[in-house]
Amino acid sequence: MRNRRISMERVNSIFDFFGNDDFVKANKGKMFSIEEEVAIIIYNKTQPLEIKFQALEQRKSMLPDNLARDVEQWIEYKRNVLSYVQNINREDIVFVIRFDGNVANEKVFRTYKQAMGNSMCCFGLSIEKVNSTGEKTWGTVGRVDVDEDGNVIDVTL
């Protein structure tokens, strides 16, 4: 599976959001409804959030009013969560990079900026709550999915 990338300046086709050439080939003759396009964009796991925001903004005028409001709320929510995560500075929160899902192979950072500055951030960041001694963990409270270029693909909290 080849990762299809598009530039931040251009969003042409819904096929840019499939992330899989085989799926593109199988569906190249299909016409998607605007609602289907919105769902494909939102659930995409390969394009950066900014690309998704741009593509959704381009399609908003074609949506029914209620769905356009929902899309606007989704964009605002994701921007707010990302901003919050980028500014977390708490003793009980750490950012963890796990290289292969193994707890023994992880790096722990106190801030988002430190974690994103690590060359291995393309594995994504787990946002975790720790106890007062800094020991693991009372649980994962969020996640930042990142592509190989360091662009945020998704953020959850």
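So, here's what we can say about the structure. These numbers come from a predicted model, not from an experiment. (Residues numbered from 1 in each chain as written. Predicted model: local features only at pLDDT ≥ 70, side-chain atom pairs only at ≥ 80, totals over all residues. Heavy atoms only, no water.)

## Examining helix α3 (residues 49-60)
Turning to step 1, where the next piece is worked out: Along its 12 residues, α3 runs 16 Å from first to last C-alpha, staying within 8% of the 16 Å computed at 1.5 Å per residue.
Turning to step 2, where the next piece is worked out: Buried within α3 we find Leu49, Ile51, Lys52, Phe53, Ala55, Leu56 and Arg59. (Helix = DSSP H or I, 4+ residues; strand = E, 2+ residues; numbered from the N terminus. Expected span 1.5 Å × (residues − 1). Buried < 20%, exposed > 50% of the residue type's maximum accessible area, 1.4 Å probe, protein only.)

## Re the packing of α3 against helix α4 (residues 65-86)
Turning to step 1, where the next piece is worked out: Here α3 crosses α4 at 160°, and the two axes come no closer than 10 Å. In terms of orientation, α3 and α4 fall into the roughly antiparallel class. Seen along the crossing, α3 lies across α4 with a hand that is left-handed. Together, Leu49, Glu50, Lys52, Phe53, Leu56, Glu57 and Lys60 of α3 and Ala68, Val71, Glu72, Trp74, Ile75, Lys78 and Arg79 of α4 make up the contact between the two elements.
Turning to step 2, where the next piece is worked out: Considering only residue class, the contact of α3 with α4 consists of 7 nonpolar, no polar and 7 charged. (Axes fitted to C-alpha atoms, helices over the stretch in contact; angles between N-to-C directions. Parallel < 35°, antiparallel > 145°, perpendicular 65-115°, else oblique. Left-handed = near helix turned anticlockwise from the far one by under 90°. Contact = heavy atoms within 4.5 Å. Nonpolar A, V, L, I, M, F, W, Y, C, P; charged D, E, K, R; others polar.)

## Observations regarding the pattern of salt bridges
Turning to step 1, where the next piece is worked out: Under the counting rule described, the total for this entry stands at 10 salt bridges.
Turning to step 2, where the next piece is worked out: Residue glutamate 50 pairs with arginine 79 through a salt bridge whose shortest N-O separation is 3.7 Å. Taken as a pair, glutamate 50 in helix α3 and arginine 79 in helix α4 lie far apart in primary sequence, 29 residues in all.
Turning to step 3, where the next piece is worked out: Owing to a relative accessible area of 41%, glutamate 50 belongs among the partly exposed residues under this scheme.
Turning to step 4, where the next piece is worked out: On the accessibility criterion, arginine 79 (40% relative accessible area) is partly exposed.
Turning to step 5, where the next piece is worked out: When salt bridges with common partners are traced through the structure, they connect Lys45, Lys78 and Asp154 into a single cluster. (Salt bridge = Lys/Arg side-chain N within 4 Å of Asp/Glu carboxyl O.)

Any functional reading would require information that these geometric values do not contain.
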